[in-house]
Every structure is written in C-alpha cells, then in structure tokens.
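Residue-level structural notes
Below are the chains, spelled out letter by letter.
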Amino acid sequence: MPQALIINVTLKDQPQPTWRRLAVATDTTYAQLHEIIQIAFGWTNSHLWAFTPASKDRQYVGQLDPDWQNATVKQLPAAEAAIADDLNQGDGGYEYDFGASWQHEIKLEETRWESWLLPTCLDGAGAGALETGGQAFDRGATVMALNDWGNTQKPTFVLQPDSPLLTTMAAGWQALQETGALDDLLTDYTAGAITAILETLGAAMRQETAAPMAQWQAKQIDTALRAVHDQTQAHPQGEHQYAFFVEVVATFLLCAADRNVLPLNVSQVTKLVTGIKAAYPDELGVLEMGFDTPDDVPVIANEDDLRALIKGWTADFLASREKQLLPVGVPAKTVYDLTKMFAEVMYERMAQTPEVWTIEGVWEVIGGYFVSNVILTDKEFQYLGPVLSAFCKYLYRAQLIDEDLSGEVADAGVQAALLSRDEANFGPAKKIGLAMGEAGVDPQDKAAVRTFIDRYNQGDTGYEPQADYLDWPHTAKWQHGVATRIHKAAVKNAQAVAKQLQDQDHALIDTVCAMVDRMYADHAQSAQKWEPETTAETAQQVLKSLPSAQRDAGLTWLTTYLTVLQANSSMSKKKMQALQAALQEGRAHLGVSGRKLTKKQAKRLLKKRRK
C-alpha cells in the first residue's frame, strides 16, 4: 500500500481544458516524471525539456548544457532529484520542446495511500499527442501504458536500519528472495509498493508480538491482517489497497513457511489466508491468488475424482466410531446424504478440500446454502448440526481439519435449523421446488416443469429474506465471486486474442468482457456452459452496441475468443464449433462477416504466454 503524490498536470494555453491527474510514487525523480508526463499526454519524447520548481532558482534537465550561463538559475540533473520536496513548497512547471514551448503547470493535490500500481492516471481531459495532430484522451490506454513503463523500472528497495525486513522479518525477507517469488511480485508491483506492504505487516505484527517470525502464531497473524483491513477502510479506494496487501503478504508468508521460517506449514498458512479471503469477499473476491490450493493439498481433477473422494470420506465416516455419537433414530440414508452434500458444496462453492476448510466457509455453506437452496424436512434440519459435527470430528481424527471446526459446524447447524423455519430465507429455486412438490409436478417431466415455472413466475415470487439472514455470507456473494473470476479470465483471454490478431483496439477487450459478463448475468453460465441459442441472442445485443463499422471486427473478436478457450482445453471442439456457428448465423442481422483464429494459431499464442 504505497503512499502516492496525487498531482494535477495542466497543459496551458489550450482552447479546451487539457490536464491529467496522476498518482506517482513519493520518491519519483524529475527524470521519471518527465517520462510519465510524456506517456500521459502522448508526447513523442523527441525534444528538449526542463522542470522549474516554485522557487524558480533552479532548473532540472535530462542533460546539462555545458554553455549554461544564467547566474541566478542553477541547472541540475533531473535524475538525481526527487519531486516531493519541491511540490510541497508550491506549484512547479514543465516545459517540453523549447521551440514550440509546451508549458505545463504541476500542482500537488494531496499525499495519500493509493491502491493502484504506481504510476497511474486517475483522470484527465483534453487531447494528447498534439505533436502528431492530437488524439482524444483515453484513460484506460493511459493506465496500461503507465503500467508497462512502471514495470520496466529497476527495483530499488530502500530499507531503514530499523525496518522489520532487516530485524524481526529478516528471515522471511530472505526466503522471499531465495524462492524467486520476489521477482514474480516485481512484475506487478514496484519495489516501493512491496516494501511499504511488508513493512505495514511488520507494524501490525508488532502490535501483537515483539517476537521474530520464527515465533509468530496463526491467531496473531490473523488478528494483524484484520487490523490492517480496518485501517485501510479509512483511505480512498481502501478495498483495492487491501487486496494488493493480502496478495503480497500471502506470497511472503508462503515463502516463509516453505523455508521453515514460520512455525506454520504451507497448509496452515493457506488456511489462514483463505480464512481472511472468506472474511472479506467484497475486497478480496477480485484476486486470483495462487495460494488457493497448496502443493500438499490434493487437487481434484474432475467430477468423477471428486465423487470418488467424497464417497470414500462418507463411507469411512459411516463405519467410524464418531457415527455412533449421533442421536438414536437418524436414518443412515439421511446421514449419507447430508455428509455427501456438505463435502460436495464445500468444494463446489469454496474450491476447498478439508485440509483448507475455514470457519467462515463452513458457516457460508451450512447457514447459507442449506437454508436457501436445500429442501429438507424440519426433522432433517434438526439432524443437520449433529450429523455434520460428528462428520467433522471424524475428519479431525483423520487429520484433515482442525479440532475447533466440529464445534462451529454444530453451532451453524442449530442456526440453520432456526432460519429454515422462515420461508422468507428460501432462495427462488427452493421456493419453486417446494411449490412443485405441493402441486404434484414430476421433476423428470421437463415439459410439465417448464409449464409450471412459467406459471409460477407470473405470480408474486419476490425474494426478500429476513433482516438477520442478510448478515450471513450466502449465495449472493458466491455469485459475485464467480462473476469476478469469470470476468478476469475473460480479460486474459481477450488480451490473448488482441495479441494474436495484432489488434490493439481497446474495444476488443470491452466487447469480449461484455459478452462474457452478460451471459453470466443473464444465464448464470460460464463460457464452457453456453448454449448456441442464448449465445447468438446475447452476441447480437453486444455487437449492436458497437458502431456499425466496428461490428465485423466485433464478431471476429468473439469467434476468436471461443477458439482460444477450445485451444486451452477448457471447451470441446464440438461445443466451440456449435457456438461459432450460432454467432455466424446471426451475422445477417448485423451486416458482418466474421473471421476466427485457428486452433493452431491459438495454441501457438498460449504457448508463448506460458513462456
């Protein structure tokens, strides 16, 4: 969470207001600010330039002029001076191209914690690239260009002698470097940002313990991470700041665990951080963090493997001594169904096997999913807590979960039984299922089900759960998390399409993401589950939002996107061809033709990306 200077750079003497609001690191030099301004305004960096601070007694330039003779104004190298002190004294100036004399005024608006990678463009107006005729301001393209520039800067870690990275956290800092993870972080974060984040962790841990990392306990780390969360909420864009904080800290802690610097192993660190992620889904749902499945946790490759694994757990539980703790009269089928469903949903919703189950995840599944989605009788809900608690005691004896989870499961089961008595807490699918049962509709009769649902939806079916239920993390947050992951995957694949087609039009990514997001919003489907009919309908809506001259390219982007998915083994060839055919069939309504990326081209592209 680096501190940033928020500066406003205005190009003077223009017919329309022309300015950029930029966030830059506090240690930015004048030479670096020159390059940042060049990018932000689209200048070609082909002329001389100079900065003049408020005092006007000196001038910062890229190369000193040996013939400089102004006795009242010193000429100094721009690479050796930081901008912060001068801007705190007053507004500065920047002149580019001494012939045309493009004059810029630089104002420091504030110094604050900034959530985005630095430098970045926060806002702006007015044309740039005036040397080449002018170009409309595009904040997205400017941010991307500044990110590219920022990642080329050499990392410089400035650590004070009392920095925790040189004292209590020195062993972890060394582990981060030795594992190569620091180099990976530097592809997304500047050295200053990494330093600030880890020193923030050190400061938070100092409130919990003065001990070095070798003595840190999981509960102390958890408390420190939650304390930082509370602090970030006081800053602008705090939720994004916290996401970056957790991503860097998680990498740091995993490296420390891997090198035995912490008294915790990798699985314990994973469980700790996934607990934080579950506690703050709104802030951390945007992250695709690499610690969701540690190396020593079994990866479930497909649904058949998942079913086999869960069947094994359930069968072993039914034969265990923990099963004997259940109340008399609980049917064996009920025990089997509840434990099987619980394990499946924990994996489906939380993407977690028992080794990394969290208390927050348990409460989400039992208190949210079972109440709002699962049709159980009152008696079965009474069995829910005891059955799953006994199941978790078995898993604890099998060394798959922590001991305290079984107690949490029992408490969650009791609360779920209470909440299940109020139909206001039922989700739409559960309401329809109950209504179908009362109406005697056969669930296997698809025509009858469709007719019933159409009739049912014409009535009053509003979903307004009671107030205390709204405080529970439940399906709305799961859906948000899934939508976020789907969107981020769409961005990555759209970038792959842009590179292959050599098409840098910013609308390409927007169009692909609009298609993917709308399909999930309207049909709750990721691309692998799209159907031709709904795909064609949604694509027409997305493409019609584009200018008519751009629709042909838009169709190309979407068909190529599907090819990229298929080449990445996330979609069958038959499914891809069916979806692409549906897109092509709709081209007559749009006046477009469309072309697509071949599977061979897409595989070549993905191979380059992996390298």
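These lines cover the structure that appears in this document, whether it is placed above or below. (Residues numbered from 1 in each chain as written. Predicted model: local features only at pLDDT ≥ 70, side-chain atom pairs only at ≥ 80, totals over all residues. Heavy atoms only, no water.)

1. Regarding the overall build of the protein chain
- In terms of regular secondary structure, the protein chain is built from 24 helices and eight strands.
- For the protein chain, the residues scored as buried account for 46% of the 611 residues in total.
- In the protein chain, once contacts between residues fewer than 6 apart in sequence are set aside, the share between residues at least 24 apart is 68%.
- Total accessible area computed for the protein chain in this model is approximately 30,100 Å², and 49% of it derives from carbon and sulfur atoms. (Helix = DSSP H or I, 4+ residues; strand = E, 2+ residues; numbered from the N terminus. Buried < 20%, exposed > 50% of the residue type's maximum accessible area, 1.4 Å probe, protein only. Contact = heavy atoms within 4.5 Å. Areas by Shrake-Rupley, 256 points an atom, 1.4 Å probe, with all protein chains shown as cover.)

2. Topic: unusual backbone geometry
- Positive phi outside glycine occurs at asparagine 45, with the angle close to 55°.
- On the secondary structure map, asparagine 45 appears in the loop between α1 (30-41) and β3 (49-52).
- Relative accessible area serves as the criterion here: at 42%, asparagine 45 is assigned to the partly exposed category.
- Positive phi values are uncommon outside glycine, yet lysine 56 reaches one of about 60°.
- Looking at the secondary structure, you find lysine 56 in the loop between β3 and β4 (58-61).

3. Notes on the side chain of threonine 534
- Within the element layout of this structure, threonine 534 appears in helix α21 (residues 532-544).
- When near neighbours in sequence (up to four residues on either side) are disregarded, threonine 534 contacts Met519, His523 and Gln525.

4. Section: helix α7 (residues 218-232)
- Taking 1.5 Å of rise per residue, the 15 residues of α7 would be expected to cover 21 Å, and the 21 Å separating its terminal C-alpha atoms lies within 8% of that figure.
- Three or more residues of α7 are buried, namely Ile221, Asp222, Ala224, Leu225, Val228, His229 and Thr232. One face of α7 carries all of its buried residues, which in axial projection span an arc of 165°. In α7, the exposed positions angled more than 90 degrees off the buried face are occupied by Lys219 and Asp230. (Expected span 1.5 Å × (residues − 1). Arc of directions from axis to C-beta.)

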